[in-house]
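Residue-level structure breakdown
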Amino acid sequence: MSADLVRQIAMGNIDYAKNHDPSTSFKDSPDMKAVMVISCMDPRASPNAFWNFGEQGPAVIRNAGGRASDALRSIRTLSTIMSYGRNTVGTVVVVHHTDCGLLNFDDHYVKEKLTERVKDSPELVSEVAKMEIGGLGNLEASIKEDVELIKADPFLPKDVEVLGFVYDTITGRTTEVV
Ligand SMILES: [Zn+2]
């Protein structure tokens, strides 16, 4: 996306702002938002769309593949500051989706491209070697892996509940797998 295109999109915000009701302040957010959803950054895999969340919906973390390893910093942080410490994260939901870019390109491919980009620096090349990209092989397996990773995280409340869903980009349906 070119910078000009972004500026054009941002111009459309003028219309959005005309009908915007002021958001509830963070301090006054209701306690019930004790749910977090992790999903892929792919525009087709938006929990706000497939689960019909409005502004009062749960926090949604989106990254490449909807991987837990990438989301942990956010989950840990929110689990301490939610509702100004009155409440904490009770349930985390992992959603991976069919036809994900990370099903089409594996870690090896991504690392090869990154290595190419920094090939003049041995230091950076070895940094790429250590990177975990999180390519997906089998959706059920990757969802289970991420659910286990969050459950085992020592920085989260012991009783945090973790669920895993797959989102089908063709049918629009979500199915609980773990
Ligand atoms: Zn994806």
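Residues numbered from 1 in each chain as written. Predicted model: local features only at pLDDT ≥ 70, side-chain atom pairs only at ≥ 80, totals over all residues.

1. Details of helix α4 (residues 68-81)
Residue pairs spaced three or four apart in an α-helix point in one direction, given the helix's 3.6 residues per turn. Compared with an ideal rise of 1.5 Å per residue, which puts 14 residues at 20 Å, α4 spans 19 Å between its outermost C-alpha atoms and is within 8% of the ideal. At S74, α4 shows its largest kink, close to 25°. Taken together, the buried positions of α4 are occupied by A68, A71, I75 and S79. Taken together, the buried residues of α4 touch β1 (35-40), β2 (59-63), β3 (91-97) and α8 (139-151). (Helix = DSSP H or I, 4+ residues; strand = E, 2+ residues; numbered from the N terminus. Expected span 1.5 Å × (residues − 1). Bend = angle between axes of the 7 residues up to and from the residue. Buried ≥ 20, exposed ≤ 12 C-beta atoms within 10 Å, placed from the backbone. Contact = placed C-beta atoms within 7 Å.)

2. Details of the sheet that holds β2
Read from one edge to the other, the open sheet built from five strands follows the order β2-β1-β3-β4-β5, with strand pairing classed as mixed. Because the sheet does not close on itself, it has two edges, and the strands there are β2 and β5 (174-176). Between one strand axis and the next, the sheet turns by 25° as a mean value, whatever way the strands run. Relative to β2, β1 runs parallel, the two sharing five bridges. Paired with C40 across the bridge in β2 is N63. Here α4 sits on the sheet in contact with β1, β2 and β3, set at roughly 155° to β2. (Pairing = 2+ DSSP bridges. Axes fitted to C-alpha atoms, helices over the stretch in contact; angles between N-to-C directions.)

3. Describing the nonpolar core
In this structure, M36, I38, V92, V93, V94 and V95 are the most contacted members of the largest nonpolar core, which totals 24 residues. Those elements that place two or more of their residues in this core are β1, α4, β3, α8 and β4 (161-167). (Core = buried A, V, L, I, M, F, W, Y, C linked by C-beta atoms within 7 Å.)

4. Overview of unusual backbone geometry
With a phi angle near 55°, N52 is a residue other than glycine that sits in the positive phi range. Locating N52 in the fold gives a position in the loop between α3 (47-50) and β2. For D99, which is not glycine, the phi torsion reads 60° and is therefore positive. As for its position among the elements, D99 is in the loop between β3 and α5 (101-104).

5. As for the pairing of β1
The buried fraction of β1 amounts to five of the six residues, a majority that puts the element mostly inside the structure. Relative to β3, β1 runs parallel, the two sharing four bridges. Residue V35 lies in a different strand from β3, and its bridge partner there is T91.

6. Quick notes on the confidence of the model for the protein chain
This prediction gives the protein chain a mean pLDDT of 90; 94% of its residues lie at or above 70. Looking across the protein chain, the model is least confident in α5, with a mean pLDDT of 89, and most confident in β5, with 97. (pLDDT = per-residue confidence, 0-100.)

7. Some points on the environment of A17
With respect to the element layout, A17 can be found in helix α2 (residues 13-18). Spatially, the C-alpha atoms of A17 and P47 are 23 Å apart, while their sequence positions differ by 30 residues.

8. Structural notes on the packing of α4 against α8
Orientation of α4 relative to α8, taken along the N-to-C sense of each, is 30°, at an axis distance of 10 Å. The handedness of the crossing between α4 and α8 is right-handed. On α8, the residues touching A68, S69 and I75 of α4 are D146, L149 and I150. When the residues that make up the contact of α4 with α8 are grouped by side-chain class, the tally is four nonpolar, one polar and one charged. (Left-handed = near helix turned anticlockwise from the far one by under 90°. Nonpolar A, V, L, I, M, F, W, Y, C, P; charged D, E, K, R; others polar.)

9. Considerations on α8
Across its 13 residues, α8 extends 18 Å between first and last C-alpha, which sits within 8% of the 18 Å expected from 1.5 Å per residue. Tucked inside the fold, the buried residues of α8 contact α4, β3 and β4.

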